[in-house]
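# Summary of the model geometry
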Amino acid sequence: MVSLLSTGSSPLLPKKGEEEAVRQARMRLLYRGLPFSLTTTLAVTVGVVVIGLQVSAPRLVWSWAFLMLVVTAFRGALWFQWKQSPEHQDPAFEKRFLAATLCSGVAWGTSPILAFQEVSALHLMFISVVLTGVCGGSLATLGTHPRAALRLIVPTCLGLSFRMFQVEGSLGIVLGLATLLYLAVLKTAVDMMGAVGPEYVITRIRAEAAQDSESRARNLLEDTLQNAPLLLAIFDPEDRLIHANDLYLSVYQPEVAAWALGHTHREVVEAAMKGSH
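In every chain, residue numbers begin from 1 and rise along the written sequence. Confidence filtering applies because this is a predicted model: local features only for residues at pLDDT of at least 70, side-chain atom pairs given and counted only at 80 or more, and all residues used for totals across whole chains, interfaces and linings. With hydrogens and water excluded, all non-hydrogen atoms of the structure serve as input to the side-chain values.

Right, let's talk about the packing of helix α5 (residues 121–142) against helix α6 (residues 146–165) for a bit. Contact geometry of α5 with α6 gives a least axis separation of 9 Å together with a crossing angle of 170 degrees. When the axes of α5 and α6 are compared, the pair comes out roughly antiparallel. Every residue of α6 that contacts α5 at L124, S128, L131, T132, V134, C135, S138, L139 and L142 is listed here: P146, A148, A149, L152, I153, T156, C157, L160, R163 and M164. By residue class, the composition of the contact of α5 with α6 is 14 nonpolar, four polar and one charged. Helix axes are fitted only over the stretch in contact, all axes being lines through C-alpha atoms; the angle between N-to-C directions runs from 0 to 180 degrees. The helix count covers DSSP runs of H or I at least four residues long, the strand count covers runs of E at least two residues long, and both are numbered beginning at the N terminus. Roughly parallel refers to an angle under 35 degrees, roughly antiparallel to one over 145, roughly perpendicular to one between 65 and 115, and oblique to any angle outside these ranges. Residue contacts are defined here by distance: any two heavy atoms, one from each residue, within 4.5 Å place the two residues in contact. Nonpolar residues are Ala, Val, Leu, Ile, Met, Phe, Trp, Tyr, Cys and Pro. Charged residues are Asp, Glu, Lys and Arg, and all others, Gly as well, are polar.

Written as structure tokens, this is what we have:
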């Protein structure tokens with residue numbers, strides 16, 4: 001729920017009905033970014049398996065790979081279901097997405113524990129880069145929905161931090177604390193993006209509403225001028241004809257009437273007296 005959105009010095013509060021529009025816009029962004037996320041997940045999973053098989057027990061690596069593939073298949077099925085459903089804004093799709101994202105976060109968080117046990121510092125650096133990249137990249141597809149982003153980021157970082165604390169000596173403590181610090185930084189970024197996203201949606205909603213109102217007013221004015229039983233014409237400050245109803249133009253010859261717009265009143269009258277322009 002959006003309670004307060006800040007834009008500089010003044011808050012932008014959602015009006016009645018806008019919170020639902022924000023929720024729907026967020027959900028559309030989540031599902032539209034899902035194909036890219038699934039493709040990236042599969043590619044990274046292959047890389048982790050290739051490296052993990054070189055340094056860890058194959059049984060553990062393949063167990064993790066199976067877990068990741070099951071979760072990815074579930075997310076893919078969810079995207080396909082959403083794509084085929086006419087009820088794209090059903091709140092159930094949001095709940096399912098959040099559950100699938102949490103499962104994905106848990107799967108990523110188990111990767112350093114299952115696939116990278118008893119490995120060198122270089123291999124730990126590899127999985128650290130992979131998981132920090134996964135968390136950072138999630139901001140691109142999940143950043144406008146804080147709950148979804150945190151469901152992926154928190155379990156991923158906690159799993160990595162747990163594995164780092166298992167490293168012997170002070171190095172393990174430093175690496176574990178650094179991972180927790182990274183989690184705190186990502187949490188701050190998610191909070192900021194979660195505020196900007198609804199703010200952008202609300203601004204768009206109000207801008208479109210203003211455009212619709214202006215368009216309706218313009219159409220009403222044109223209909224009134226066109227259907228009024230009077231000779232009506234509008235001239236600009238330089239006396240050029242910028243609008244006239246059909247009744248006014250019918251006073252002139254057809255060729256003059258078709259030519260009149262954009263010309264001064266004097267030019268129109270002179271053309272009418274000559275019988276042409």
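With that settled, the discussion passes to the environment of F116. Mapped onto the elements of the fold, F116 is located in the loop between α4 (91–114) and α5. Think of it in three bands: residues with accessible area under 20% of the maximum for their type are buried, residues over 50% are exposed, and the middle band is partly exposed, with areas taken using a 1.4 Å probe on protein chains only. Residue F116 is classed as buried on the basis of its relative accessible area of 0%. The sequence separation of F116 and V49 amounts to 67 residues, and the corresponding C-alpha distance is 10.0 Å. Leave out the neighbours within four places in its chain, and F116 touches V48, I51, G52, V55, S56, S111, H123, L124, F126, I127 and R163.

Here the focus is the packing of α4 against α5. Relative to each other, α4 and α5 sit at 165 degrees, their axes nearing to 9 Å. The orientation of α4 relative to α5 falls into the category roughly antiparallel. The hand of the α4/α5 crossing is left-handed. Contacts from F97, T101, W108, S111 and P112 of α4 reach α5 at I127, V130, L131, V134 and L142. A per-class count over the contact of α4 with α5 returns eight nonpolar, two polar and no charged. Handedness of a crossing is defined here by the sense of rotation of the near helix relative to the far one, left-handed for an anticlockwise turn of less than a right angle and right-handed for a clockwise turn.

Locating R240 in the fold gives a position in the loop between β3 (233–235) and β4 (241–244). R240 sits 27 residues away from E267 along the chain, and the two C-alpha atoms are 9.0 Å apart. Apart from the residues lying within four places of it in its own chain, the contact partners of R240 are I234, F235, G262, H263 and T264.

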